[in-house]
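# Observations on the three-dimensional arrangement
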Amino acid sequence: MYPQSQTTSLQRLQNVEKRIVRVLELAGGVMEEMGNPSGPRKELVNGSCGEFMQSVKDIQLTLREEIKSACEYRPFEKCDYVPRISNEICCKKLEYVIAQIDEMKQTIEGYGDAS
Amino acid sequence: MAGDLKVSLDKLPIKRLDAIEENGFERFPFDVGYDEKRVNLTRRIDFAWVVEREDPNKKQKKESATSANDVTTNNQQSWQWQSLVENLQLAHQELSVIIDLINTVEANDSVTVAGMTRPKQLPCEHLSDLAVSTTTKLQSFRHLGKNFKQSAKALEEQVAREARFYGALIRLQQNWKVKRHRLVAAASGKEGFYIDLSDGSLYDLASAFRPSSMSTILVEHDAAGMLAVNLPQNSRRYLHLEFLGFSSAYYGRNYNVTKLQTLSEKSAKETREEHASDDECVRGIHSILRDVYRAIYDEHVFDLVNREACSPSLAANLTGIRENYLRLSIDQEASVSISLLISDQVHQTSRASNKNSPNEATDEALGSFDGLNFGAGIEKAKISGIPNRVGFEIYLRQLYHEYAFVRSKNAATFSFGTRSASQSVKDSSNILGHFCMSIAHRIFSNKVLLVLESLVCRTPYIQLISHPTWRSRSSTWILSMKIPQSILQAGSQFQLCSSGNMKNVRSQFWTKVVVIDDSIKVEGEGAPNVVGLFKGKADGFCAVDGFNCDLADLPIILLQQIASHIIQWLHEEALVVGIKASRDFLSLAFELEHGEVVSLVAHVDPDNIDGCITWWLIMDDVPTEEHKLHSDVGESESRKFLGYLSLDVLYSTLLDFLNLCSC
């Protein structure tokens, strides 16, 4: 897994999804404009259709690139479960040591108070 | 006969197809019998006009009777619509007759309809048709537009929801194995993701390991569509080790271990709150997964312990067994229990043992004590040598990790045909045995340490140094005696004065106590070398020598070692100073003028509260080496009790002798 490119490719795909939503909105807008009883406004319709076509083209480009650059699926080559459990054990050891040191500190402070 | 003549045409009496199916099967209508045909024909004769002729006569009579009585104004409106209705009905009738005719004509092969032409539309009709079609088109456009916008909104919401879900899933994927059941996904309509916590490489496939039921965790959606993980409550069990009878000794202390477990549960509850941020959500799930993974690992550890405890090869230490619970005895004094507990059960057992619940009462072989009195509990634990249970819990986990991991590594290298290094591989039957022996060793070495501490407390010039061995079954301490700097400086003056006797007087003497399992070995330079004594060698520097001893004999032996070190040192100093002195095991004899011999004798008493090493001065004409001193003999003319002397005082005593002796 490549973490840094993964977030950007995820972002790109999320942008594609947002674009599709936008495209749908444009289509809806154009339809409503066509259903306008006083006739559709040409510049609005032209602009929306132009944006629609451009977005579809962008979407197509992005998807093609993402599909080409999708990495090969290697199932869990670098599974880190074993080091994970050894880290958990180390964590426990550290907690234990911290507790011991805290006790020592308390003892020292106790001596300090006594003296 | 009044009325028009009506003509009806029959279908030709040939077989007509009713329907034909895709596979070519032809369906014919039922054959109607001859009589039935006749009846059908008679039915087709329309006698309606006859009936109508008779009925209207009756109707008109009625109407004329009633109309004269009714108010005409009321009926005028209904009369207007009534004519419209009648006209429409007549038109409808005519149309249906025509349609019937057309259909009948069409059904016959012999007659075909050449064509039907619509009558030319009037311009207003044309316009109205156009208007209607335009309006419907506009209507459908608007409808479409609304549809598109609605679906855009719905898609946006779904995209946002899924973005949260998949964003969280990707973050989880960086740390955990996220897999997908494609068939389940297709069947149930959900995505079918799950998190796999099992690790094939860690566990030996040949052993009877089955992946835990907890190791597959389904990824679900919570109410807001965000990723959520639902686990049954109290399904996770953790390893818990306890020394029976001392459960409360170390619970009073502020251990973060149990704290962390409750923290993770708290965060698990927080993820169910509606307004938890995505970050907190993912972190909550991470900690849940961590907990589950630790629980799975603890389960495996307990599995191994169980298997080894029940195998016959283990020296019979098992004294009790229940579900998720094992009790082993270490030596005759201590008992340890290893169990799998749900985390809040841990608190319960600590409280229960304080209250002497029936379960624990039988386990407490060492008596009960007040749970609130943590200080007393700790003291009692110290005296019995019981170590901290947390340390050994961790150690058990570590042993298992080394066993599993090394085995898996060796299994991996084995597949390439190379021989694995066997010295690092622990035989499977030894883990629990090794662990129990480690506990036994620790208990024993704690007792040894108590003895050493009590000795060193009462002997001010001895230092106790711990020597870490990094082995769980051996411990080492060093008792070191350092000659104070003041004496060394004074001694160096003498070295400069005297001629020839340039010797490096040792300034540090050490005795090493090595405990391996439960055998004690005392080592040290300057161990009493009988041969050296007979030869009267001044530099009785011996090679490091050691011998074994019991715990009971340890104090005496150590004190004797220390005392002999002091004697050695005094002897060397005497030689430097220029006094003629001879050394025995625990005494130093000085030859005075006139041939008198004065001995400085050390007396060791490990039970003496004030101090362990006391000094006596014995004056005799005959050197009394075999003379034994008892404290009850008391002082006499030839014996003087000097008391507990520090090294400085001893050195100055030595210098006093310098004045008395003949140099």
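### Examining the overall build of chain B
Helices and strands together make up the secondary structure of chain B, namely 16 helices and 21 strands. Taken over 663 residues, chain B has a buried fraction of 36%.

### Brief notes about a nonpolar patch on the surface
Side chains of Leu13(A), Leu63(A) and Ile67(A) sit close together on the surface and give an oily, nonpolar patch of about 260 Å² of accessible area. Secondary-structure assignment places Leu63(A) in helix H2 (residues 42–69).

### What to know about the state of the cysteines
Applying the stated criterion across every chain, the model contains 0 disulfides over all chains. With no disulfide of its own, Cys91(A) has Cys90(A) as its nearest cysteine by sulfur position, at a separation of 7.7 Å.

### As for the interface of chain B and chain A
Across the contact, 46 residues belong to chain B and 35 residues belong to chain A. Together chain B and chain A conceal approximately 3900 Å² of surface at their shared face, both sides included; 68% is due to carbon and sulfur atoms. In this structure, Lys149(B) engages Glu32(A) in a salt bridge whose closest nitrogen and oxygen atoms are separated by 3.3 Å. Our enumeration of links across chain B and chain A arrives at 8 residue pairs in polar contact (both at pLDDT 80 or more). The leading source of residues in the side of chain B that touches chain A is helix H4 (residues 123–173) of chain B, at 17 residues. For the side of chain B that touches chain A, a count of residues per class yields 21 nonpolar, 12 polar and 13 charged.

### Comments concerning the confidence of the model for chain B
In regions of low pLDDT, the predicted coordinates are not meant to be interpreted in detail. Residue and element names in this part refer to chain B. The pLDDT averaged across chain B works out to 75; a share of 70% of its residues lies at or above 70. No element of chain B has a lower mean pLDDT than helix H9 (residues 358–363), at 38, and none a higher one than strand S12 (residues 462–467), at 91. The low-confidence segment residues 353–372, where pLDDT is below 50, has 22 contacts with residues more than four positions distant or belonging to other chains. Here residues 622–628 is a poorly scored stretch, pLDDT under 50, and it has 3 contacts once near neighbours within four places are set aside; other chains count.

### Regarding unusual backbone geometry
Residues and elements named next belong to chain B. In this model, Trp 470 sits at a positive phi of 55°, which is unusual for a non-glycine residue. In this structure, Trp 470 sits in the loop between S12 and strand S13 (474–482). A positive phi angle is found at Asp 517, which is not glycine, with a value near 50°. Within the element layout of this structure, Asp 517 appears in the loop between strand S14 (508–516) and strand S15 (519–524). Judged by relative accessible area, Asp 517 falls into the buried class, the value being 18%.

### Some words on the sheet that holds strand S9 (residues 318–322) of chain B
Residues and elements named next belong to chain B. Here we have 4 strands laid out as an open sheet, ordered S8-S11-S10-S9, and antiparallel in their pairing. Looking at the sheet topology across the chains shown, the edges are occupied by strand S8 (238–243) and S9. Geometrically, the sheet is characterised by an average inter-axis angle of 15° between neighbouring strands, direction not taken into account. Sheet analysis places strand S10 (residues 325–330) next to strand S11 (residues 334–341), joined by 6 bridges and oriented antiparallel. Counterpart to Arg 327 in the pairing with S11 is Ser 337. In this fold helix H7 (residues 278–310) packs onto S8, S9, S10 and S11, with an angle of close to 55° to the strand it touches most, S8.

### Some words on the packing of aromatic side chains
Enumeration over the complete set of coordinates arrives at 14 aromatic pairs over all chains. Clustering of aromatic rings is evident, with ring pairs tying together Phe243(B), Phe392(B), Tyr395(B) and Phe435(B). Seen from the ring of Trp176(B), Arg84(A) lies directly overhead, with NZ or CZ sitting 4.1 Å from the centre. One Lys or Arg, Arg180(B), reaches over the ring of Phe193(B) and ends 5.0 Å from the middle of that ring.

### Some points on H2(A)
Under the 1.5 Å per step criterion, the end-to-end length of H2(A) is 40 Å for 28 residues, consistent within 8% with the ideal 40 Å. For H2(A), the set of buried residues is Val45(A), Ser48(A), Ser55(A), Asp58(A), Ile59(A), Thr62(A) and Glu66(A).

### Regarding the confidence of the model for chain A
Per-residue confidence for chain A averages 86 on the pLDDT scale, and 93% of its residues sit at or above 70. Least confident of the elements in chain A is helix H1 (residues 3–34) of chain A, whose mean pLDDT is 83; most confident is H2(A), at 92.

### Some words on the pattern of salt bridges
Under the defined criterion, the tally for this structure stands at 20 salt bridges over all chains. Salt-bridge contacts for Asp279(B) lead to Arg283(B); the nearest nitrogen and oxygen are separated by 3.3 Å. One end of the pair is Asp279(B) and the other is Arg283(B), both in helix H7 and 4 residues apart, which spans about a single turn. Residue classification places Arg283(B) among the exposed residues on the basis of a relative accessible area of 51%. A single salt-bridge network, built from bridges that share partners, covers Glu88(A), Arg236(B), Arg290(B), Asp291(B) and Arg294(B).

Calculation notes
Residues numbered from 1 in each chain as written. Chains lettered and ligands numbered in written order. Predicted model: local features only at pLDDT ≥ 70, side-chain atom pairs only at ≥ 80, totals over all residues. Heavy atoms only, no water. Helix = DSSP H or I, 4+ residues; strand = E, 2+ residues; numbered from the N terminus. Buried < 20%, exposed > 50% of the residue type's maximum accessible area, 1.4 Å probe, protein only. Patch = residues over 30% accessible without salt bridge, like charges linked within 9 Å, V, L, I, M, F, W, Y side chains within 5 Å. Areas by Shrake-Rupley, 256 points an atom, 1.4 Å probe, with all protein chains shown as cover. Salt bridge = Lys/Arg side-chain N within 4 Å of Asp/Glu carboxyl O. Disulfide = S-S within 2.5 Å. Contact = heavy atoms within 4.5 Å. Buried area = accessible area lost by both parts, 1.4 Å probe. Polar contact = N/O pair within 3.5 Å; in protein donor to acceptor, adjacent residues only side chain to side chain. Nonpolar A, V, L, I, M, F, W, Y, C, P; charged D, E, K, R; others polar. pLDDT = per-residue confidence, 0-100. Pairing = 2+ DSSP bridges. Axes fitted to C-alpha atoms, helices over the stretch in contact; angles between N-to-C directions. Phe/Tyr/Trp six-rings, centres within 6.5 Å; stacked < 30°, edge-to-face > 60°. Lys NZ or Arg CZ within 6 Å of the ring centre and 35° of its normal. Expected span 1.5 Å × (residues − 1).

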